[in-house]
2 protein chains.
Amino acid sequence: MGTTAGLPEELADTTPFVLAPWRSPLARALHRNRSKPESRYFQLATVTAEGRPANRTVVFRGFAEASNQIQLVTDRRSDKLGQIQANPWAEACWYFTQTREQFRLTGRLSVITADHPEVQAQADRRFAWQKLSNGARQQFHWPQPKAKRQEDGEPFAVADLDPAQPLDNFCLVRLEPLAVDHLELRGDPQNRTRYVYQGEGPGEGIWDAIAVNP
Amino acid sequence: MGTTAGLPEELADTTPFVLAPWRSPLARALHRNRSKPESRYFQLATVTAEGRPANRTVVFRGFAEASNQIQLVTDRRSDKLGQIQANPWAEACWYFTQTREQFRLTGRLSVITADHPEVQAQADRRFAWQKLSNGARQQFHWPQPKAKRQEDGEPFAVADLDPAQPLDNFCLVRLEPLAVDHLELRGDPQNRTRYVYQGEGPGEGIWDAIAVNP
C-alpha cells in the first residue's frame, strides 16, 4: 500500500512528513514493553573496513523531529564512527522480550558531529546531550574507549560536565530505515505473522507492506 | 595470558580442547540470567552479497562438543545461508538483561547441511533436531520463509514430523569466536568493566585477555 500514493502533488507538497506504516506497530511494541528497561535497547549492525560485521547494543534516543529516523548517540572515538563513514549501511535488530516480537530495520546512518555545519542539526545534537543522564554523559569524558586500561584499576573520576553544552566527541546518529521486517512470535508457532515494509526511497513516505511467511 | 602456552608438545597433543577464558564469564551470565527466556537469544550479524549488514535474533543451541563453538540452527532457505557461504564472518551480540552485561563474539561461521560428508557432523545435526520442541520443528516444514503469504491468511497446518530424522532444509550452524568483548554495565557508570579476549587462531586454545576502557 502506498501511503501517499494518489495524493495530488500540491497536497503532497504541504505534507512534508508521513508517518511510515511500521511506526504504528513499533509504537505499540514500545508501549506494551514499557515496563522492561531493555525495550529501549536494540542491536545495531554495521560493516567494518575489512567487510566483516560488527554488532553492539545501543540505546534508542527517540525519533528525529518530523521524520522516521531513529536516533542514537555515540562517541566519535568509537569504532563504529569510522565504519559508518566508510559504509553507512546498518541493520538494527530490535527484540521485545515481553511481547516476543522482532523488528529488523535496514537503512543508512548519518552522523551529526561537533563540526556539522547545520544550525538545526547542532541544536538537535545539543538537545540529545541535554536529555542524557549525568551518568551517561560521563563516558564521553573517559579515556579512549577500548584502549588498554591503566594498571591501577581505579574507577574513573566523576566529572562536573555542563548539561547544556555537549563535549566535542559527542555525536548524534540517525538511522533512516528503507526496509523493515516485523515478526511476531507470540502464541502458537503456526499463528506467527510477519510483515515486510519496503520504502521507495529516503523521505519519500511511500511504503509497501507485504504479509510474508514467517 | 596464553592458556596452553608453555605446555610440552606431547602433553598439548593429549589436550585437544581448552576452554577459552571467556567461557567462564559467559557461563556465569547464562546461569545468573537463567530465569529470563531471552537470555538464550542473541543477535547475529552477517554481511550480505551487497556488503550491507544483516542482523537477526537467534536461539543459542549450546556449545559444540569439546569446543568453544556456539551453535544455532537455521533453515537452508533463509537469507543468511547464502550470506554465510559468500562471507563466513559474523558478530554475535549477546545482551543479558538481568545482569546488564554484553558479550560481542566475532568469528567465522560454518554450516552443517543435510549433505555434509562427515558422519560425526550429521550425528550432531540430528541431535540438534531431536532437542528442538515440536513447535520449533514445524517452521522447517512451512513454505519458503519471507515469500509472500498466501491470501487466505490461514494458520499453517501442524505436521507430524519425525523427531529422530531432520528435514533436509534443517541446518546446524557453528560460530567459532576469534575475539570476544565483554562489557559489564551494572552499578555506577564509573565502575564499568570491559575485557577483550583475543584468540590466536581457530582451535589454538591460546587467548589474550586485556582489561580495556569501557
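Below is a summary of the structure that appears in this document.

Reading the values: the criteria
- Residues numbered from 1 in each chain as written.
- Chains lettered and ligands numbered in written order.
- Predicted model: local features only at pLDDT ≥ 70, side-chain atom pairs only at ≥ 80, totals over all residues.
- Heavy atoms only, no water.
- Phe/Tyr/Trp six-rings, centres within 6.5 Å; stacked < 30°, edge-to-face > 60°.
- Helix = DSSP H or I, 4+ residues; strand = E, 2+ residues; numbered from the N terminus.
- Buried < 20%, exposed > 50% of the residue type's maximum accessible area, 1.4 Å probe, protein only.
- Lys NZ or Arg CZ within 6 Å of the ring centre and 35° of its normal.
- Least-squares fit on C-alpha atoms with pLDDT ≥ 70 in both.
- Contact = heavy atoms within 4.5 Å.
- Salt bridge = Lys/Arg side-chain N within 4 Å of Asp/Glu carboxyl O.
- 1 Å grid on protein atoms, 1.4 Å probe; cavity = no way out; pocket = protein on both sides within 12 Å on 5 of 7 lines; lining within 4 Å.
- Points joined across faces, edges and corners; volume = space filled by probe spheres on them.
- Buried area = accessible area lost by both parts, 1.4 Å probe.
- Expected span 1.5 Å × (residues − 1).
- Arc of directions from axis to C-beta.

## Things to note about the packing of aromatic side chains
Applying the stated rule across the entire model yields 26 aromatic pairs over all chains. Relative to W207 of chain B, the ring of W22 of chain B has its centre 5.9 Å away and its plane inclined at 75°; by these criteria the two rings are edge-to-face. One end of the pair, W22 of chain B, is in the loop between helix 1 (9-13) and helix 2 (23-32); the other, W207 of chain B, is in strand 8 (residues 207-212), with 185 residues separating them in the sequence. Taken individually, W22 of chain B and W207 of chain B each receive the classification buried, so the pair is uniform in this respect. An aromatic cluster is defined as three or more aromatic residues linked by ring pairs; in this entry it consists of W22, F42, F60, F63, W94, F96, F103 and W207 of chain A. In this structure, R23 of chain A is placed above the aromatic ring of F63 of chain A, and the distance from its NZ or CZ to the ring centre is 3.5 Å.

## Let's talk about the relation of the copies chain B and chain A
The relation between the two copies of this chain is a rotation about an axis and a shift parallel to it. When chain B is brought onto chain A, the operation consists of a screw motion whose angular component is 180° and whose axial shift is 0.0 Å, with 0.0 Å RMSD remaining. Such a turn and shift between the copies fits a two-fold axis. Looking at the interface residues of chain B, 100% of them are also at the interface in chain A, so both copies use one shared face.

## Focus on the pattern of salt bridges
Pairs may arise between side chains of opposite charge once their charged atoms sit close together. The full count for this structure, using the stated rule, is 14 salt bridges over all chains. Where D181 of chain A meets K146 of chain B, a salt bridge forms, and the shortest distance between an N and an O atom there is 3.7 Å. Here D181 of chain A, found in strand 6 (residues 170-184), pairs with K146 of chain B, found in the loop between helix 5 (134-138) and strand 6 (170-184), and the two come from separate chains. The class of D181 of chain A is buried, set by a relative accessible area of 5%. According to the relative accessible area criterion, K146 of chain B is partly exposed, its value standing at 33%. In this structure, a network of salt bridges that share partners links the residues D79 and K146 of chain A together with D181 and R194 of chain B.

## So, the layout of surface pockets
Size it by volume and the largest pocket reaches roughly 1300 Å³. Residue lining of the largest pocket: 49 residues in total, with V58, V59, R61, V73 and Q139 of chain A positioned closest to the centre. Those elements that place two or more of their residues in the lining of the largest pocket are strand 2 (53-59), strand 3 (70-75), helix 3 (79-86), helix 4 (119-131) and strand 6 of chain A together with strand 5 (101-112) and strand 6 of chain B. As a volume, the second largest pocket reaches approximately 950 Å³. Every element with two or more residues in the lining of the second largest pocket is listed here: strand 5 (101-112) and strand 6 of chain A together with strand 2 (53-59), strand 3 (70-75), helix 3 (79-86) and helix 5 of chain B.

## Thoughts on the interface of chain B and chain A
Each partner contributes residues to the interface: chain B has 50 residues there, and chain A has 50 residues. Of the roughly 4500 Å² buried at the junction of chain B and chain A (both faces included), carbon and sulfur atoms supply 56%. Among the residues chain B hides against chain A, the three largest losses belong to P53, N55 and N213 of chain B. Together they make up 15% of the total. Inspection of the region where chain B meets chain A yields 2 salt bridges.

## Topic: helix 4 of chain A
Residues and elements named next belong to chain A. With 13 residues, helix 4 should cover 18 Å at 1.5 Å per step; its first-to-last C-alpha distance of 19 Å lies within 8% of that length. Listing the buried residues of helix 4 in full gives A121, Q122, D124, R125, A128 and W129. All buried residues of helix 4 lie within an arc of 160° about the axis, which places them on one face of the element. Opposite the buried face of helix 4, at more than 90 degrees from it, the exposed residues are V119, Q120 and K131. Turning to helix 4, the residues buried within the fold contact strand 3, strand 5, helix 5 (134-138) and strand 6.

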